[in-house]
Amino acid sequence: MEDLDVVAWIQVSDGRMLAVRSRGRDLLYLPGGKREPGEDDWSALSREVREELALELDRASFRELGVVRAPAHDQPDFAHVRMACFTAAYRGAMAAAGEVDEYVYVGRGDRNLLAPAAQAALDLAERHGLLA
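As the structure is a computational prediction, the values presented were derived from the model and not from experiment. (Residues numbered from 1 in each chain as written. Predicted model: local features only at pLDDT ≥ 70, side-chain atom pairs only at ≥ 80, totals over all residues. Heavy atoms only, no water.)

S.K.: I keep staring at the pattern of salt bridges and nothing clicks. Help me out?
M.R.: In a structure, side chains of opposite charge can pair up when their charged atoms sit close to one another. Considering all chains together, one arrives at 15 salt bridges under this definition. As a salt-bridge pair, R21 and E102 come within 2.7 Å of each other at their nearest N and O atoms. Here R21, found in strand β3 (residues 16–22), pairs with E102, found in strand β9 (residues 100–106); they are 81 residues apart in sequence, far enough to count as distant. A salt bridge links D101 to R23; the nearest nitrogen and oxygen atoms lie 3.2 Å apart. With D101 in strand β9 and R23 in the loop between β3 and β4 (32–34), this residue pair connects regions lying 78 residues apart in the sequence. Of the residues examined, D101 reaches a relative accessible area of 44% and is grouped as partly exposed. Through salt bridges with shared partners, a single network forms among E36, E39, R47, E48 and E51. (Salt bridge = Lys/Arg side-chain N within 4 Å of Asp/Glu carboxyl O. Helix = DSSP H or I, 4+ residues; strand = E, 2+ residues; numbered from the N terminus. Buried < 20%, exposed > 50% of the residue type's maximum accessible area, 1.4 Å probe, protein only.)

Quick look at the structure:
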């Protein structure tokens, strides 16, 4: 079984990481998703963040933090998720949009609310000294 290959935005404010709940999902995920044909990481992530949170990412501050791999949650066609994680500044007023019902900032003590790949991203953010 192939990995589900996705991109994700790690946004940290006051030492807590942004997470979203997609419609019908029980756990929180990171903003982002799958690339459309022909999209590079920047194009895919900026499109997904615009669709999910009504924000514009800043290209000049776009940086890769790393790649995590974790068991897939709620994805019956995939055993694992390979998630390339990026940071970037943004413009706009954050709002749940598209398939996203809510957004929240989570800390280390909230890991049980996160899907496995989002837990791995939380650990990645911590290794980079982004969490409080």
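After that view, the rundown keeps rolling.
S.K.: Would you mind going over the UniProt feature "domain: Nudix hydrolase" (unreviewed entry) in the protein with me for this structure?
M.R.: Mapped onto the present numbering, the UniProt feature "domain: Nudix hydrolase" (unreviewed entry) falls on residues 1–128. The straight-line gap between the two end C-alpha atoms of residues 1–128 is 31 Å; of that span, 20% is helix and 36% is strand. (UniProt positions renumbered as here; feature names shortened; annotations may be inferred.)

S.K.: Teacher, can you tell me more about helix α1 (residues 41–53) here?
M.R.: Side chains of residues three or four places apart in an α-helix project in the same direction, reflecting 3.6 residues per turn. A rise of 1.5 Å per residue sets the reference length of α1, with its 13 residues, at 18 Å; its end C-alpha atoms lie 18 Å apart and thus fit the reference within 8%. Turning to α1, its buried residues are W42, A44, L45, S46, R47, E48, V49, E52 and L53. Residues of α1 that are buried make contact with β1 (4–9), β3, β4, β5 (56–57), β7 (80–87) and β9. (Expected span 1.5 Å × (residues − 1). Contact = heavy atoms within 4.5 Å.)

S.K.: Just to check I follow, could you spell out the environment of A125 for this structure?
M.R.: Mapping A125 onto the fold places it in helix α2 (residues 116–127). Put simply, A125 and I10 are 115 residues apart on the chain and 7.5 Å apart in space, counted from C-alpha to C-alpha. Leave out the neighbours within four places in its chain, and A125 touches I10, L130 and L131.

S.K.: Before we go on, may I ask you to explain the layout of surface pockets in this structure?
M.R.: The gaps left among the atoms become clear once a water-sized probe is rolled over them. Estimated volume of the largest pocket: approximately 450 Å³. When contributions to the lining of the largest pocket are tallied by element, the ones reaching two or more residues are β1, β3, β4, α1, β7 and α2. A breakdown of the residues in the lining of the largest pocket according to their chemical character gives 16 nonpolar, five polar and six charged. (1 Å grid on protein atoms, 1.4 Å probe; cavity = no way out; pocket = protein on both sides within 12 Å on 5 of 7 lines; lining within 4 Å. Points joined across faces, edges and corners; volume = space filled by probe spheres on them. Nonpolar A, V, L, I, M, F, W, Y, C, P; charged D, E, K, R; others polar.)

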